[in-house]
Amino acid sequence: MANKVSKSSTKELAENAAAYCEPCDSLGMAFSRHIRYWLSRDDDASTAVFYSLALSVKEQMLEAWRDTRSQDAQFDKKQVAYLSLEFLMGRALGNALLSLDLSDECRQALKEYSVTLEEVQEQEHDAGLGNGGLGRLAACFLDSCASMDLAVTGYGIRYEYGMFVQKIVDGYQQESPDKWLRSGNPWEVRVPVHNVTVPFFGRTESYVDRNGRRHVCWVDTHDVLAVAYDMPIPGYKNQRVNTLRLWKSEATDEFDLDEFNQGDYAEAVARKNLAEQITMVLYPNDSSENGKELRLRQQYFLSSASLQDLLRTWVKKFGTDFSQFGVKNAIQLNDTHPSIAVPELMRLLIDEYLLEWDEAWAITTSTMAYTNHTLLPEALERWSVRMFSYMLPRILDIIYEINARYMDAVAHQWPGNSQKLAEMSIIEEGHDPHIRMAYLAIVASFSVNGVAGLHTQLLKSGLFKDFYQLWPEKFNNKTNGVTPRRWLAYCNPRLSALLTKQLGEGWVTDLSQLRKIEGCVDNKTFVKQWQEVKQANKQELAAMVKQQCGVDFDPAMMFDVQVKRIHEYKRQLLNILHVIHLYHRILQGDTQNMVPRCVLIGGKAAPGYAMAKTIIKLANNVAHMVNSDPLVRPFLRFAFLPNYNVSAMEKICPGTDLSEQISTAGKEASGTGNMKFMMNGALTIGTLDGANIEMLEEVGEDNFFLFGLNAEQVAQTRQNYRPADIVSASPALSAVMELLTSGHFNLIEPGIFEHIINAILSPYDQWMTAADFDDYCAVQQKVGLAYQDQKYWTQMSIRNTAASGRFSSDVTIAGYRDEIWRV
Ligand code: F85
């Protein structure tokens, strides 16, 4: 009763508030109000300043946020839900100030507190709710959607612990937990009205209703409460504020009621943490899935909570007529991670809203769209049927039913071909049957997209060939992009100012306008200013490297950078072998035409990925030898940057001369770091892989350092790959391997690099490091020569930025909007 009273009065309260309260505080006034409160607590002053400022900025967004919500509801626009287990948001303050155009006001407000805005920004903890490219892509997409005025909601998990913090101890990666919420999250708003419950375990029962219709109930479930935490996603200077809704798991009040009633009060309450475990930690694997039960629980928890939220909103507005649901909603699945949303939507429609199968299936298949991010077989998710059968029994039933009906379609296309049936089945049979989540996603989606041209081609001709034959119309490409707000306007204020002076502000929302600066390559003043910007950015990057690694990077030298997750296919090893090659040349006195360079590698290894961790150790050991030899110093410096994350990239990409995108061709679905570097005027040394191919197309071969085998040649060479022969035929590689095997880099830890040496020499080396080594070194030599002519290099740099417009995530999102979501 009390509840009812307060509910009916909230609207009145809001109206009263709107009528009587003062007009909204300015940022400065809000800040003074907050800081007075925060400084009275015993936080240290800098945290208090950050927190107060963030709260003040959030307040500035509240009105637009509310208006966005009500307008989207009113005009019954098509709504898009972007479902992702990862949103790698990084920091929010600088981005919000840029979007709301509050930077000047903010600096003004800070004047009295003798801190700079930059210092305050450093206080913000990264929201590291993702592993790498896939998670960061989701974050860039949210920015573009808001900036392009699209009604898109991100749905994710509010992990208590984000991506682990990486420390380097004696050259080894050490992981420690990232308790990013420790001092609170000023941006989030807990919204308990949106609570939903998510069922687990239990069993299914069927019953026949009064009309003789059979229904299934999922009973005796353990329910977990999903609590919504909303984060504002401000569009760029357009008054739209979208929502990222992150779910936190909590125990329901009914949790373990039995024990509770038996008097084990304290035990029952303590056991609540079983439910809370679900959203405790982000899994730090980015390539090989390990079938952990808790991970499946996370996936179902996110999918179910988000769909219930969507359906509840629908029913509130339209009642239980779902016939138009697919017309008014699209659900984009960020890889297969949330693909359990397919059977979950079927369950909710059939069991909860009593739709017939065919009706529910029509709705599901007109709503779901799936994005694939990898071709690596070890990254394809397969879940054990056994695990499903006890954790999600009702969901398993539905998957079997989906499969049975879909198998009929396959049998129709390939009559009498039982092998096809087995190959294409959603269920991988065997003594321990598994569910192929990618197949489930394809079967139920009206759109399946890859993330770069080559990647989509390879999906169609390889991994999903049969599905492409069956449903060619589903397949499409959406080449990735990155948001120019964060990755140029915000992170590179010097270059932004120069661009804006030249072009006006329009480029920030229409990056194709950068093309116009191509015309400036012969403008001496412009070229000089470009160089000055790069030098200043390199100084900042050098300061960070000094502080984090203790290594002196000299901004007069070339900055050669590779930052990304550590994986064999990305071939950080090839980069390190090249460093060893240069080191060897220097020791030999062979320094003619050698351009002094500083090489930086950064990235995290999945904690269970032994080879990746050894690669980190090798990088650190080589760095130690390189940096401690005074003969080498003038030509070469090498550092491994610990704890690479979004905030680090914001300093790194503006200060980079050369970007390393050197994956084995055919393995990197797209890459997105490559685009950030290009936007910021770095040149790329890269293989014909992922989006590199399209970058090369845009900028032209004269402004791109291409090397190595292409995807087809890689596949060919694999047939008869003899790395030992390649080593013997290459004096340079022989010398490098000699240094490695001699233990030169691990004198006090003999044998630790055996695995690496063996991998390079193995005929089964999937990544074919040896095959590309000589060409890589030759092209690196060309890079050096090009760098010696600073004017020419700067012209190439300008051309790279000029040609980067196609890699704005606005372009990508325009593609999703027009060709997939059709909003
Ligand atoms: C990346 N994938 C691709 N995966 O590797 C890049 O080429 C591409 O540019 C970006 O996606 C964006 O499209 C990626 O980041 C993951 O992070 C990932 C996370 C978890 C898993 C697999 C991949 C599991 C399933 C193994 C847990």
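Reading guide: rules and limits
- Residues numbered from 1 in each chain as written.
- Predicted model: local features only at pLDDT ≥ 70, side-chain atom pairs only at ≥ 80, totals over all residues.
- Heavy atoms only, no water.
- pLDDT = per-residue confidence, 0-100.
- Contact = heavy atoms within 4.5 Å.
- Helix = DSSP H or I, 4+ residues; strand = E, 2+ residues; numbered from the N terminus.
- Expected span 1.5 Å × (residues − 1).
- Buried < 20%, exposed > 50% of the residue type's maximum accessible area, 1.4 Å probe, protein only.
- Arc of directions from axis to C-beta.
- Near = heavy atom within 4 Å.
- Polar contact = N/O pair within 3.5 Å; in protein donor to acceptor, adjacent residues only side chain to side chain.
- Areas by Shrake-Rupley, 256 points an atom, 1.4 Å probe, with all protein chains shown as cover.
- Nonpolar A, V, L, I, M, F, W, Y, C, P; charged D, E, K, R; others polar.
- Phe/Tyr/Trp six-rings, centres within 6.5 Å; stacked < 30°, edge-to-face > 60°.
- Pairing = 2+ DSSP bridges.
- Axes fitted to C-alpha atoms, helices over the stretch in contact; angles between N-to-C directions.
- Parallel < 35°, antiparallel > 145°, perpendicular 65-115°, else oblique.
- Disulfide = S-S within 2.5 Å.
- Salt bridge = Lys/Arg side-chain N within 4 Å of Asp/Glu carboxyl O.

1. A short note on the confidence of the model for the chain
Thinking step 1. Looking at the chain as a whole, its pLDDT mean stands at 95, while 96% of the residues score no less than 70.
Thinking step 2. Counted against residues more than four places away or in other chains, residues 1–5, with its pLDDT under 50, gives zero contacts.

2. What to know about helix H24 (residues 572–587)
Quick reminder: α-helices carry 3.6 residues per turn. Residues three or four places apart thus point the same way.
Thinking step 1. For H24, built from 16 residues, the straight-helix expectation of 22 Å at 1.5 Å per residue is met to within 8% by its first-to-last C-alpha distance of 23 Å.
Thinking step 2. Most of H24 is tucked away: 14 of the 16 residues are buried.
Thinking step 3. Two residues or fewer after H24 comes Gly 589, characterised by a positive phi angle close to 80°.

3. Considerations on helix H32 (residues 754–761)
Thinking step 1. Among all positions of H32, only Ile 756, Ile 757, Ala 759 and Ile 760 are buried. Seen from one end, H32 has its buried residues packed into an arc of 160°, which puts them on one side.
Thinking step 2. Elements in contact with the buried residues of H32: H24, helix H25 (610–627), helix H30 (723–729), helix H31 (731–741) and helix H33 (769–788).

4. Remarks on the site of the ligand
Thinking step 1. Residues in contact with the ligand amount to 22 residues; listed here are only the nearest, Asp 286, His 373, Asn 480, Glu 668 and Gly 671.
Thinking step 2. With respect to the ligand, the backbone of Gly 133 contributes an N or O atom lying 3.4 Å from an oxygen atom.
Thinking step 3. Within the side chain of His 373, one N or O atom sits 2.6 Å away from an oxygen atom of the ligand.
Thinking step 4. Within the complex, 94% of the 600 Å² of free accessible area of the ligand lies under protein.
Thinking step 5. Broken down by element, the residue count for the shell around the ligand peaks at three residues, all from helix H7 (residues 133–147).
Thinking step 6. Of the residues contributing to the shell around the ligand, the split by class is five nonpolar, eleven polar and six charged.

5. Things to note about the packing of aromatic side chains
Thinking step 1. One pass over the full model with this rule turns up 27 aromatic pairs.
Thinking step 2. A ring pair is formed by Phe 200 and Phe 201, whose centres lie 6.3 Å apart and whose planes are at 45°; its orientation type is tilted.
Thinking step 3. Its relative accessible area of 1% is what places Phe 200 among the buried residues.
Thinking step 4. The class for Phe 201 is partly exposed, based on a relative accessible area of 22%.
Thinking step 5. Taking the centre distance of 4.9 Å and the plane angle of 45° together, the rings of Phe 707 and Tyr 776 count as tilted. In this pair, Phe 707 is assigned in the loop between strand E24 (705–706) and helix H29 (711–718) and Tyr 776 in helix H33, connecting sequence segments 69 residues apart. The same class applies to Phe 707 and to Tyr 776, which are both buried.

6. Observations concerning the side chain of Lys 538
Thinking step 1. Checked against the element boundaries, Lys 538 lands in helix H23 (residues 524–549).
Thinking step 2. Reaching out from Lys 538, the side chain makes a polar contact with the side chain of Tyr 787 at a distance of 2.9 Å.
Thinking step 3. If we ignore the near neighbours within four places in the chain, the residues touching Lys 538 are Pro 555, Met 557, Met 558, Phe 559, Gly 655, Asp 657 and Tyr 787.

7. Details of the sheet that holds strand E23 (residues 683–686)
Thinking step 1. In spatial order, the strands read E21-E20-E19-E22-E23-E24; together these six strands make up an open sheet with parallel pairing. The outermost strands of the open sheet, each flanked by one partner alone, are strand E21 (636–641) and E24.
Thinking step 2. As paired elements, strand E22 (residues 658–661) and E23 share four bridges and run parallel to each other. Residue pairing for E23: Ser 659 is matched across the bridge by Thr 684.

8. A closer look at the packing of H23 against helix H34 (residues 790–802)
Thinking step 1. Where H23 contacts H34, the two axes come as close as 10 Å, and the packing angle between them is 85°. When the axes of H23 and H34 are compared, the pair comes out roughly perpendicular. Of the residues in H34, those touching H23 at Phe 526, Val 527, Trp 530 and Gln 531 are Gln 790, Lys 791, Thr 794, Ser 797, Ile 798 and Thr 801.

9. Some thoughts on the environment of Asp 789
Thinking step 1. Looking at the element boundaries, Asp 789 is found in the loop between H33 and H34.
Thinking step 2. Linking Asp 789 and Ser 730, residues 59 residues apart in sequence, is a C-alpha distance of 29 Å.

10. Considerations on the state of the cysteines
Two cysteines, two sulfur atoms, one covalent bond between them: this is a disulfide.
Thinking step 1. One pass over the full model with this rule turns up zero disulfides.
Thinking step 2. Cysteine Cys 777 is unpaired, with the sulfur of Cys 598 as its nearest cysteine sulfur at 18 Å.
Thinking step 3. Its relative accessible area of 10% is what places Cys 777 among the buried residues.

11. Overview of the pattern of salt bridges
Thinking step 1. Here the structure, examined in full by the defined rule, presents 52 salt bridges.
Thinking step 2. Close ionic contact of Arg 571 with Asp 772 constitutes a salt bridge, the shortest N to O distance being 2.7 Å. Of the two residues, Arg 571 sits in the loop between strand E19 (558–563) and H24 while Asp 772 sits in helix H33, which places them 201 residues apart along the sequence.
Thinking step 3. A relative accessible area of 1% places Arg 571 in the buried class.
Thinking step 4. Here Lys 617 and Glu 749 are joined by a salt bridge, their closest N and O atoms 2.9 Å apart. Taken together, the residues span a long stretch of sequence, with Lys 617 in helix H25 and Glu 749 in the loop between H31 and H32 at a distance of 132 residues.
Thinking step 5. With a relative accessible area of 22%, Glu 749 lands in the partly exposed category.
Thinking step 6. Where salt bridges share partners, they join Arg 515, Glu 518, Glu 694, Glu 697, Glu 698 and Arg 806 into one cluster.

12. Quick notes on the sheet that holds strand E15 (residues 427–428)
The strands making up a sheet are joined through hydrogen bonds of the backbone, oriented either antiparallel or parallel.
Thinking step 1. Here we have three strands laid out as an open sheet, ordered E14-E16-E15, and antiparallel in their pairing. Looking at strand neighbours, the two that pair on one side only are strand E14 (382–384) and E15, the edges of this open sheet.
Thinking step 2. Relative to strand E16 (residues 434–436), E15 runs antiparallel, the two sharing two bridges. Each bridged residue has a counterpart across the sheet, and for Glu 428 the counterpart in E16 is His 434.
Thinking step 3. Where helix H18 (residues 437–444) meets the sheet, it contacts E14 and E16, and its direction lies at approximately 45° from that of E16.

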